[in-house]
Amino acid sequence: GCSAMRPSSTRLALALSLVLAAPCAGLHATVGRAARPALSHGASPAFRADRISMKERRAAETNAEVKDGSGGVRQLLGLKGASADDGKSFLNWKIRLQLMKPATWVPLIWGVACGAAASGNYHAVWNLFGDAPTTDSWAVVGEDTIKALCAMTLSGPILCGFTQTINDWYDRELDAINEPYRPIPSGKISPTEVYVQIGALLVGGLVLATQLDAWAHNEWPVITLIATFGSFMAYIYSAPPLKLKAEGWLGTYALGSSYIALPWLCGHAMFSASTITPQEVVLTVLYSIAGLGIAIVNDFKSIEGDAALGMNSLPVAFGIDTAKWICVASIDVTQLGVAAYLYSIGESTYAAILFGLVLPQMFAQYTFVQDPVANDVKYQAAAQPFLVFGILCTAVAIGHHTF
């Protein structure tokens, strides 16, 4: 098992502050600043050269239901090409679920699994057969499984659902341009229903977090603090006057860290917060930079609406050609750096596996960089499985390493 050191509460607080404070590093530059005027249709020189082709592509988009019969599933997952819903389902549950974008829960659920693995204290079925941390109790395996599922529910359906709902509310004007089929701009859900959903998810998430801290016997309420901080970040990411998503680098990193570092730390804290080490926190910060790259991939599809409403995403600020290289570099360099670190601490097998998982991502990027707007979905489908398994590989290495 993991025999990582158990830092004091003060040391743990300092370690956690690295990942929690990183997205806020530039807030002082935002607070008190006059509101950014909306970009004019030629305000960004880097973006101007891309506008003609972008307009043609936007004109060709219809937001129509896909023809392959998956429209109903797409609606429930919150994806484009969804079937239209009349809003008459029981308690409007289909529209409410669509608003929470279940497809976006997966990275956070995976992050919790990685954190559990990194703790070195999670007991799975295979630990009954000699693999560390060993146990001979099915009861321990069952309890740890339920603990992990509860932490996944907190990070995914509840708090990610909260994040997506509040983001859609403050993005309703932007979605009216980019994704008019979404529940709010299409009028399928009322403002009152949105407010109730936001409040219920927030309160429910914080209550569950306090209960999980008690169940984990954490001296310091790490899970509650992570949930509170994550909820706060979700608000200032989407809502004025800060609206971090309009701040380029700052907003993109805030998104990446919230999807990788926070669920990872939540998963670890569920199985003994006292074993979280500064080295582990630094690794989650590095992977958050890779998450920044993934967030840029998502920005390409919204570049027209972002420019029209003054959202200073990196593709808008730097232009498509520059942003695509920033994107792939942040993904590749970060992972290669983590692989080098694992090798340096003697985890050469895990370093080799991680290096092997980076190679197919680089191969997929060859097509992506030729046209990132047209190939964003294809790239994510081809490359992200290797990225997330690389994160798990790193987590397992940390769980088995003695610092």
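Everything that follows concerns the structure shown earlier in this document.
Residues numbered from 1 in each chain as written. Predicted model: local features only at pLDDT ≥ 70, side-chain atom pairs only at ≥ 80, totals over all residues. Heavy atoms only, no water.

Caption draft 1: Spotlight on the nonpolar core. Core analysis: the largest hydrophobic core is formed by 73 residues, its most contacted members being Ile223, Leu244 and Phe368. Other than its neighbours up to four places away in sequence, phenylalanine 368 contacts Val297, Phe300, Lys324, Cys327, Val328, Asn375, Asp376 and Tyr379. In this structure, Ile166, Val194, Ala234 and Tyr259 belong to the second largest nonpolar core, which totals 16 residues. (Core = buried A, V, L, I, M, F, W, Y, C linked by side-chain atoms within 4.5 Å. Buried < 20%, exposed > 50% of the residue type's maximum accessible area, 1.4 Å probe, protein only. Contact = heavy atoms within 4.5 Å.)

Caption draft 2: How the structure looks around the side chain of serine 155. For serine 155, the position within the fold is in helix H7 (residues 138–170). Take serine 155: its relative accessible area is 8%, and that puts it in the buried class. Residues contacting serine 155, with those up to four places away along its chain left out, are Leu108, Val112, Cys160, Pro263 and Cys266. (Helix = DSSP H or I, 4+ residues; strand = E, 2+ residues; numbered from the N terminus.)

Caption draft 3: Layout of empty space enclosed by the protein. Tallied over the full model, the rule gives two cavities of 30 Å³ or more. Every residue lining the largest cavity is counted, 22 residues in all, and those nearest its centre are Leu108, Thr163, Gly230, Ser258 and Leu262. For the lining of the largest cavity, the secondary-structure elements that each account for two or more residues are H7, helix H10 (222–238) and helix H11 (249–269). With eight residues, the single largest contributor to the lining of the largest cavity is H10. The class makeup of the residues in the lining of the largest cavity is 17 nonpolar, five polar and no charged. (1 Å grid on protein atoms, 1.4 Å probe; cavity = no way out; pocket = protein on both sides within 12 Å on 5 of 7 lines; lining within 4 Å. Points joined across faces, edges and corners; volume = space filled by probe spheres on them. Nonpolar A, V, L, I, M, F, W, Y, C, P; charged D, E, K, R; others polar.)

Caption draft 4: Quick peek at the packing of aromatic side chains. Applying the stated criterion across every chain yields a total of seven aromatic pairs. For the ring pair tyrosine 122 and phenylalanine 271, a centre distance of 5.2 Å and an interplane angle of 80° mean the geometry is edge-to-face. On the criterion of sequence distance, the pair formed by tyrosine 122 in the loop between helix H6 (106–119) and H7 and phenylalanine 271 in the loop between H11 and helix H12 (278–299) is long-range, its members being 149 residues apart. Residue phenylalanine 271 is classed as buried on the basis of its relative accessible area of 6%. Against the face of tryptophan 169 rests arginine 172, its NZ or CZ located 4.0 Å from the ring centre. (Phe/Tyr/Trp six-rings, centres within 6.5 Å; stacked < 30°, edge-to-face > 60°. Lys NZ or Arg CZ within 6 Å of the ring centre and 35° of its normal.)

Caption draft 5: View of the pattern of salt bridges. One pass over the structure, following the stated rule, counts six salt bridges. A salt bridge links aspartate 171 to lysine 243, with the nearest nitrogen and oxygen atoms 3.7 Å apart. A residue pair is termed long-range when its members are at least 10 positions apart, and aspartate 171 in the loop between H7 and helix H8 (172–178) and lysine 243 in the loop between H10 and H11 qualify at 72 residues. Neither aspartate 171 nor lysine 243 differs from the other in exposure class; each is buried. Across the pair aspartate 321 and lysine 324 runs a salt bridge, and its minimum N-O distance is 3.5 Å. Of the two residues, aspartate 321 and lysine 324 are both situated in helix H15 (residues 320–344); the distance of three residues between them amounts to about one turn of the helix. Here the salt bridges share partners, and the residues they tie into one network are Lys101, Asp168 and Arg182. (Salt bridge = Lys/Arg side-chain N within 4 Å of Asp/Glu carboxyl O.)

Caption draft 6: Spotlight on the packing of helix H9 (residues 191–216) against H10. Two elements in contact, H9 and H10, have axes separated by 7 Å at closest approach and are oriented at 160°. In this view, H9 runs roughly antiparallel relative to H10, as classed from their interaxial angle. H9 and H10 meet at a crossing whose hand is right-handed. Residues Leu202, Leu206, Ala209, Thr210, Leu212 and Asp213 of H9 touch H10, and the partners they reach there are Val222, Ile223, Thr224, Ala227, Thr228 and Ser231. Taken together, the residues of the contact of H9 with H10 sort by class into seven nonpolar, four polar and one charged. (Axes fitted to C-alpha atoms, helices over the stretch in contact; angles between N-to-C directions. Parallel < 35°, antiparallel > 145°, perpendicular 65-115°, else oblique. Left-handed = near helix turned anticlockwise from the far one by under 90°.)

Caption draft 7: Expanded view of unusual backbone geometry. Cis peptide bonds are those with omega within 30 degrees of zero, and the linkage from proline 240 to proline 241 qualifies with 10°. Positive phi, close to 55°, is recorded for leucine 91, a residue that is not glycine. The topology assignment puts leucine 91 in the loop between helix H4 (71–77) and helix H5 (93–99). Residue leucine 91 is classed as exposed on the basis of its relative accessible area of 62%. Positive phi outside glycine occurs at asparagine 92, with the angle close to 55°. Structurally, the position occupied by asparagine 92 is in the loop between H4 and H5. Judged by relative accessible area, which is 5%, asparagine 92 ranks as buried.

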